[in-house]
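# An overview of the molecular structure
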2 protein chains.
Amino acid sequence: MRPDDLAEVRHLPLFRDMLKANFDQLMQGAYAQTFPAGLELIRQGDPADFLHVVMEGSVELYAHWEGRICTMAVVQPVSTFILAACIKDAPYLMSARTLERARLLLVPASDLRAVFRRDPEFAVSTITELAGCYRAVVRHAKGLKLRNSRERIAAYLLKQSRSLGGAARFSLTVEKRLIASYLGMTPENLSRAIRSLEEVGVQVKGQQVTITDMAQLLAFVPPDPLIDGPDTGGATAGVSLPQGVAG
Amino acid sequence: MRPDDLAEVRHLPLFRDMLKANFDQLMQGAYAQTFPAGLELIRQGDPADFLHVVMEGSVELYAHWEGRICTMAVVQPVSTFILAACIKDAPYLMSARTLERARLLLVPASDLRAVFRRDPEFAVSTITELAGCYRAVVRHAKGLKLRNSRERIAAYLLKQSRSLGGAARFSLTVEKRLIASYLGMTPENLSRAIRSLEEVGVQVKGQQVTITDMAQLLAFVPPDPLIDGPDTGGATAGVSLPQGVAG
DNA sequence: CGAACCCTTGACAGAAATCAACTAAGGTGG
DNA sequence: CCACCTTAGTTGATTTCTGTCAAGGGTTCG
């Protein structure tokens, strides 16, 4: 594993406060690997063996049942996923696949469980991380239940804009079909709904999003930190959530 | 607070492994209180001051946005809720109200945060509890996205049945309108969908549910532990989930 | 160049929300 | 004890939303 990878992992909220000795030991059992695009990393139902950390590229978390599939999140660097399954030593609830060529760090789940039992700082970091993940999914569920398709799309676009500091023009970072699945609708429906949103202040041409009337758009879906998440203003992009979003 | 209350709280997975001294201290700052039916205990957006433990009665967790409301969970004794908000010292994502007369234990969030920083066992319990909550919400979100109304209802009824050891006859434990909201549909739609489920092996008359053809019902919605949760076989009832479900 | 694949559009079918009316059950107060 | 009121639940008619099926345009990549 590259030394600068280690430094980056060390800076993650999950790992930054633990004792160096414990961090080093955790990383000793871990290994980094590069995967091609479109590879299935994890299949839902499998036992949770490794905590995954995305170093480069992006990973889709998705779920399936009876032949249907839906995207649950897109994880982008640098963040972890499937933490909860590792902790519970339980089957993964979601599958994962690379959206593009990606480099991942795999940390054995057993090491993880051993370490937070003896490193209180790491335990606290884990608690904070999980609490954040939990709240992210609750917000997602609230969006699904309280908003219709058009509203979810508008809120999604507004969130993207806000994460870029309120930009009126920006590019979508993931495929539309994936956005559709993440927002709980079909690609056709997304396409039509996007078109219909022109009358409330957004125009989407290909990947290019232009907010033509911010006030009108804000009036159409009043952003709510209890659904859309707190103002990040940072560089978080895509459908991913602030940090690790999957357990 | 009653001594037998203390014993019951002490037996919760969240509290059972911590040092007695720490438990006692936590409980010293806590207080129990009885609330009438229909009282709003928590309003979403308010700062998280207390971890709530339901000792008796039941509590609905719900969310609202722009005049719309939806039920997120029903919490029944003995379990905790809004753990995650307390940990993050962040605003509640959900509101809470008593469905019936209920007795609650309120534990100051600041005490909570202080204690798991110095009691590793409690930290581990908190981690496990949160991981469980996270997975419960992920399962709920999966159900919403991967199943249609009829399937969600059928799965819900099957889950109730299984939690009673596979009973073919049982009573609904919560109001239908609440079930409808929990499952993400209108009461009218629930009513009609229930009626239409007669042709796949369930009959519902008032509160009474009768599974007339278990095989057919199982074929209609193949239960999936990654959505419906692991087989409990226990006495868990209502729309509530195994343990604390709200952070 | 051809083969995928994504995205879009149209036509249609099915699902779900809405509006309105009606029933039934439970609780209140006379 | 009964009349009354409130509320949950149901049913019907209708509209709106969403998914499905099919076709075509555009792009990327081998």
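Residues numbered from 1 in each chain as written. Chains lettered and ligands numbered in written order. Predicted model: local features only at pLDDT ≥ 70, side-chain atom pairs only at ≥ 80, totals over all residues. Heavy atoms only, no water.

## Thoughts on the packing of aromatic side chains
Counted by the stated rule, this structure contains eight aromatic pairs over all chains. Relative to B:Phe50, the ring of B:Tyr31 lies with its centre 5.8 Å away and its plane at 85 degrees, an arrangement referred to as edge-to-face. Placement of B:Tyr31 in strand E1 (residues 31-35) and of B:Phe50 in strand E3 (residues 50-56) is noted, with a sequence separation of 19 residues between them. Take B:Tyr31: its relative accessible area is 35%, and that puts it in the partly exposed class. By relative accessible area, B:Phe50 is classed as partly exposed at 24%. One aromatic cluster is present, built from ring pairs that chain together A:Phe15, A:Phe23, A:Phe116 and A:Phe122. Over the ring of A:Tyr62 we find A:Arg97, and its NZ or CZ is 3.9 Å from the ring centre. Directly above the ring of A:Trp65 sits B:Arg147, whose terminal nitrogen or CZ lies 4.4 Å from the centroid. (Phe/Tyr/Trp six-rings, centres within 6.5 Å; stacked < 30°, edge-to-face > 60°. Helix = DSSP H or I, 4+ residues; strand = E, 2+ residues; numbered from the N terminus. Buried < 20%, exposed > 50% of the residue type's maximum accessible area, 1.4 Å probe, protein only. Lys NZ or Arg CZ within 6 Å of the ring centre and 35° of its normal.)

## Side note on the protein's contact with DNA strand D
For DNA strand D, the set of nearby residues contains 15 residues, the closest of which are A:Asn189, B:Lys176, B:Arg177, B:Arg192 and B:Arg195. Close to the protein, within 4 Å, the atoms of DNA strand D are drawn from sugar and phosphate at a rate of 70%. A:Glu188 is positioned such that a nitrogen or oxygen atom in its side chain is 3.3 Å from a base nitrogen of DNA strand D. A distance of 2.9 Å is found between a phosphate oxygen of DNA strand D and a backbone nitrogen or oxygen belonging to B:Arg177. Every element with two or more residues in the surface near DNA strand D is listed here: helix H8 (187-196) of chain A together with helix H7 (176-182) and helix H8 (187-196) of chain B. (Near = heavy atom within 4 Å. Polar contact = N/O pair within 3.5 Å; in protein donor to acceptor, adjacent residues only side chain to side chain.)

## Describing the protein's contact with DNA strand C
With respect to spatial proximity, 15 residues lie near DNA strand C, and among them A:Lys176, A:Arg195, B:Ser149, B:Asn189 and B:Arg192 are the closest. Considering DNA strand C, the proportion of its atoms within 4 Å of the protein that are sugar or phosphate atoms stands at 75%. Within the contact set of DNA strand C, a phosphate oxygen lies 2.6 Å away from a side-chain nitrogen or oxygen of A:Lys176. Listed by contribution, the elements that provide at least two residues to the surface near DNA strand C are helix H7 (176-182) and H8 of chain A together with H8 of chain B. Looking at the surface near DNA strand C element by element, the count peaks at four residues for H8(A).

## Observations regarding the relation of the copies chain B and chain A
Between chain B and chain A, which share one sequence, the superposing operator has a rotation angle of 180 degrees and an axial displacement of 0.0 Å; the RMSD is 0.0 Å. The transformation just described matches what one would write down for a two-fold rotation axis. By C-alpha distance to the rotation axis, the residue of chain B lying nearest is B:Tyr134, at 2.3 Å. The fraction of interface residues of chain B whose copies in chain A are also interface residues reaches 100%, indicating that both copies meet through the same surface. (Least-squares fit on C-alpha atoms with pLDDT ≥ 70 in both. Contact = heavy atoms within 4.5 Å.)

## Considerations on H8(B)
Residue pairs three or four apart in sequence face the same way in an α-helix, which turns once every 3.6 residues. Residues and elements named next belong to chain B. Every buried residue of H8 is listed here: Leu190, Ala193 and Ile194. For H8, the buried positions fall inside an angular range of 100 degrees around the axis, keeping them on one side. For H8, the exposed residues set more than 90 degrees away from the buried face come down to Arg192 and Arg195. For H8, the elements touching its buried residues are helix H6 (149-163), H7 and strand E10 (202-205). (Arc of directions from axis to C-beta.)

## Quick notes on the domain arrangement of chain A
All names here are of chain A. We note that the domain assignment places domain 1 (3-143) and domain 2 (148-220) within chain A. Between the C-alpha centres of domain 1 and domain 2 the distance comes to 28 Å. Taken together, the contact pairs 11 residues of domain 1 with five residues of domain 2. Carbon and sulfur atoms supply 61% of the area that domain 1 and domain 2 bury against each other, a total of about 600 Å² over both sides. The largest share of the area that domain 1 buries against domain 2 comes from Thr71, His140 and Gly143, three residues that together contribute 55% of it. (Domains from an automatic or database assignment. Buried area = accessible area lost by both parts, 1.4 Å probe.)

## Regarding the pairing of strand E11 (residues 208-211) of chain B
All names here are of chain B. As paired elements, strand E9 (residues 169-171) and E11 share three bridges and run antiparallel to each other. Note on E11: the bridge partner recorded for Ser171 is Gln208. Judged from the four bridges that link them, E10 and E11 form a sheet pairing that is antiparallel. The partner of Val202 across the bridge, within E11, is Ile211. In textbook terms, the turn of a hairpin is the stretch between consecutive antiparallel strands, and for E10 and E11 this stretch comprises two residues, one of which, Gly206, has a positive phi near 65 degrees. (Pairing = 2+ DSSP bridges.)

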